[in-house]
Amino acid sequence: MAIRKCTLSALVWLLSVSPWVQASPSDIANQGLGENIAPCSSCHGAHGEGNAAAGFPRLAGLGAPYLEAQLDAFASGARENAVMQPIASALSTDQRSAMATYYSQLSAEGAQASKGQSDNPPDTGAELAEHGRWANDIPACVQCHGPAGVGVGEHFPALAGQPAAYLEGQLRAWRNGKRPGGPMGLMASIAAKLDESDIKPVAQYFAAQSPAPAKGLDHE
Amino acid sequence: MSNRIPLLTVAVSFAMLAAVIFWVGTRDQSAPTPAQAKTANAAPAARGDTTESATKSEDVAVSGNAASERSEPLPGAAQPGAASAADDFAPPARSEIPDDEFGAMVRKGRDIFTDTQQHADQFVGNDLQCANCHLDEGRRPDSAPLWAAWAMYPAYRGKNKHVNDFAERIQGCFRYSMNGTPPPRGDEVLVALESYAYWLASGAPVAKNLPGRGYPELEAPEQPPSFTRGKQVFADHCALCHGSDGQGQRAADGSLAFPPLWGPRSYNWGAGMHRVNTAAGFIKANMPLGAATLSDQQAWDVARFIDSQERPQDPRFTGSVSETAEQYHGEHSMYGQTVNGVVLGQDAPPSGTAAKVNQP
């Protein structure tokens, strides 16, 4: 009996100091993992909704392959980020994949943090977002990211309601080679064609859009 | 003295002329003058009168194929490539649509053009928008821009062997590219689209083959277009947006984002885009979106792959694939040909009748 009790406490102790043995994505998201991995929620919110004031992006409802590619890029250093790099590299490949799936399944409905952060985005942002600038071979952002940036499929993440500072930072990262260009290098190519004066307005435009789209058509 | 007066008159006239030119120039930059707006209002009505007597045909056999357009220029029209860069035409800015009754019709036309599903649903039988093949709302050169097409009609078209006016040309788009039912002559959908095209062509010369019209005609490829190579090009450069099954993708709000390239909800076997040369020209100039980097050979190969897939039947179907192929399909069509053991067109869903997918 005493031996059994001892074994049990040993087991409990083992589990408590080795949380990676069976930490669920939800545990990692809300409690972190060991010393190197802070809870994701401390920056990205309890529901993955992000934090507009601090410029932390929403993760909820973004495509799993997209999120996984970002975690892998943080881990390898291809996407430069001092906060995310140690976290992503402390996660195993499987854990990165599991975290990506976890956040992709959270609803964007709860993600309201960024909404209204810029109620009056400049017209130039709307023009670029909705029509592009074909004279410079820049398609409308919404052609790939969906109307008002609601996102399309697994590879074109939602921009709607993301913090303006975050979106701005990403466009600059592509221009400076601090973020991989994405599938087929599409975003690196587009960011390179933007004018410096395009960046803020277009980031503000998407920041002001509602992150949870009304389902207009029930097709899928 | 008698010499000086004419000189003075000439000098003053010049100064006045310069002032007027300057004045008109500055006005042009700000907004259309009342005179321009009035002209814009009156002209469609005038054209409408002339088209009343045009041949009315339910069997519109116009392809969406700009390459064949180019081979059918109006008599006296400039030949492709003859125009220099100085002749480049630019449509008016989006913001310049006039704020009057005509402008309202132009806006309606633009809305139909960019969201055909929403605004002309009754005439559409697939999941395409006009703007899928006419990029930048019909403004982009080498993407069959409306401003270059408008003033090339009426024109004789070999495909249906009669002179087509612009309205009939648009009806052809609905019948083939949109796999639907053409709006009847006089229908507001047609009037709106004509108004939009006419407005985009503001200031364009009539009956002149403008640079950027249609899609570019590619030279014959070094190697014959290959389905197998095309399949790889598709996987590498197209599937990200159009899906590995070519059926396109919808946005998170359910709206159409990337169009289906084959299958029951795409263009039918009568559409210009079903011709490998037309698709290759479009792809070379415009795909992937904003990063058109494919070689000519890749464009030919992937066009061959895409246009070797089953799609809605040719609306002119006679009941026999081989007969329809013989009658209507030329060397660049895969219709009636055997690909991977299947005769293309044999299992085609009926044209114009495809049911909407998962409609509520």
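All figures in this text were calculated on a predicted structure; none of them were measured in a lab.

**Re the overall build of chain A**
Here is step 1: When its secondary structure is counted, chain A shows 11 helices and 0 strands.
Here is step 2: Of the regular secondary structure in chain A, the N- to C-terminal order runs α-α-α-α-α-α-α-α-α-α-α.
Here is step 3: With 220 residues in all, chain A has 42% of them scored as buried.
Here is step 4: For chain A, contacts bridging at least 24 residues in sequence account for 65% of all contacts bridging at least 6.

**Quick word on the UniProt feature "domain: Cytochrome c" (unreviewed entry) in chain A**
Residue and element names in this part refer to chain A.
Here is step 1: The feature "domain: Cytochrome c" (unreviewed entry), as given by UniProt, occupies residues 27-107 and 127-210 in the numbering adopted here.
Here is step 2: Across residues 27-107, the secondary structure splits into 51% helix and 0% strand, with the terminal C-alpha atoms separated by 18 Å.
Here is step 3: In residues 127-210, helix accounts for 50% and strand for 0%; the two terminal C-alpha atoms are 18 Å from one another.

**Some remarks on the domain arrangement of chain A**
Residue and element names in this part refer to chain A.
Here is step 1: When its domains are assigned, chain A resolves into domain 1 (24-110) and domain 2 (123-207).
Here is step 2: Taking the mean C-alpha position of each, domain 1 and domain 2 sit 21 Å from one another.
Here is step 3: Between domain 1 and domain 2, the residue contacts involve 17 residues of the former and 14 residues of the latter.
Here is step 4: Of the residues in the side of domain 1 that touches domain 2, the class split is 10 nonpolar, 4 polar and 3 charged.

**Observations concerning unusual backbone geometry**
Residues and elements named next belong to chain B.
Here is step 1: In this structure, the amide linkage connecting Y153 to the following residue, P154, adopts the cis form with an omega of 5°.
Here is step 2: In this structure, P154 sits in the loop between α8 (146-150) and β1 (155-157).
Here is step 3: Omega for the bond connecting M287 with P288 falls within 30 degrees of zero, at -15°, which places this linkage in the cis form.
Here is step 4: The residue P288 is located in the loop between α13 (276-286) and α14 (296-306) in this model.
Here is step 5: Although it is not a glycine, K161 sits at a positive phi angle of roughly 55°.

**Describing α14 of chain B**
All names here are of chain B.
Here is step 1: The element α14 is largely enclosed, with a buried count of 9 among its 11 residues.
Here is step 2: Among the residues of α14, those classed as buried are Q298, A299, W300, D301, V302, A303, R304, F305 and I306.
Here is step 3: Buried positions along α14 lie against α11 (227-237) and α13.

**As for the domain arrangement of chain B**
Residues and elements named next belong to chain B.
Here is step 1: In terms of domain boundaries, chain B breaks down into domain 1 (38-200) and domain 2 (227-343).
Here is step 2: Where the side of domain 1 that touches domain 2 is concerned, the elements lending two or more residues are α3 (66-70), α6 (130-133) and α9 (166-177).
Here is step 3: Here the element with the most residues in the side of domain 1 that touches domain 2 is α9; it accounts for 3 residues.

**Some details on the packing of helix α4 (residues 64-76) of chain A against helix α6 (residues 93-104) of chain A**
Residue and element names in this part refer to chain A.
Here is step 1: Where α4 contacts α6, the axes come no closer than 8 Å and their chain directions differ by 140°. Taken together, α4 and α6 sit at an angle that is classed as oblique. The interaxial crossing formed by α4 with α6 has right-handed handedness. Each of A64, L67, E68, L71, D72 and A75 in α4 lies in contact with α6, whose residues at this interface are R96, S97, M99, A100, T101, Y103 and S104.

**Digging into the environment of P184 of chain B**
Residue and element names in this part refer to chain B.
Here is step 1: Tracing the chain through its elements places P184 in the loop between α9 and α10 (188-200).
Here is step 2: Given 13 C-beta atoms within 10 Å, P184 falls into the partly exposed group.
Here is step 3: The spacing of P184 and G103 is 81 residues in sequence and 22 Å in space, taken between C-alpha atoms.

**Observations regarding the environment of N164 of chain B**
Residues and elements named next belong to chain B.
Here is step 1: Positionally, N164 belongs in strand β2 (residues 162-164).
Here is step 2: The buried category is assigned to N164, around which 24 C-beta atoms lie within 10 Å.
Here is step 3: Sequence separation between N164 and Y153 is 11 residues, and the spatial gap between their C-alpha atoms is 7.0 Å.

**Details of the packing of helix α9 (residues 164-175) of chain A against helix α11 (residues 196-207) of chain A**
Residue and element names in this part refer to chain A.
Here is step 1: Packing of α9 against α11 brings their axes to within 8 Å, and their N-to-C directions diverge by 135°. It follows that α9 is oblique to α11 by the angle criterion. Between α9 and α11 lies a crossing of right-handed hand. Counted together, A164, L167, E168, L171 and R172 of α9 and I199, K200, A203, Q204, F206 and A207 of α11 form the full contact between these two elements.

What counts, and where the lines are drawn
- Residues numbered from 1 in each chain as written.
- Chains lettered and ligands numbered in written order.
- Predicted model: local features only at pLDDT ≥ 70, side-chain atom pairs only at ≥ 80, totals over all residues.
- Helix = DSSP H or I, 4+ residues; strand = E, 2+ residues; numbered from the N terminus.
- Buried ≥ 20, exposed ≤ 12 C-beta atoms within 10 Å, placed from the backbone.
- Contact = placed C-beta atoms within 7 Å.
- UniProt positions renumbered as here; feature names shortened; annotations may be inferred.
- Domains from an automatic or database assignment.
- Nonpolar A, V, L, I, M, F, W, Y, C, P; charged D, E, K, R; others polar.
- Axes fitted to C-alpha atoms, helices over the stretch in contact; angles between N-to-C directions.
- Parallel < 35°, antiparallel > 145°, perpendicular 65-115°, else oblique.
- Left-handed = near helix turned anticlockwise from the far one by under 90°.

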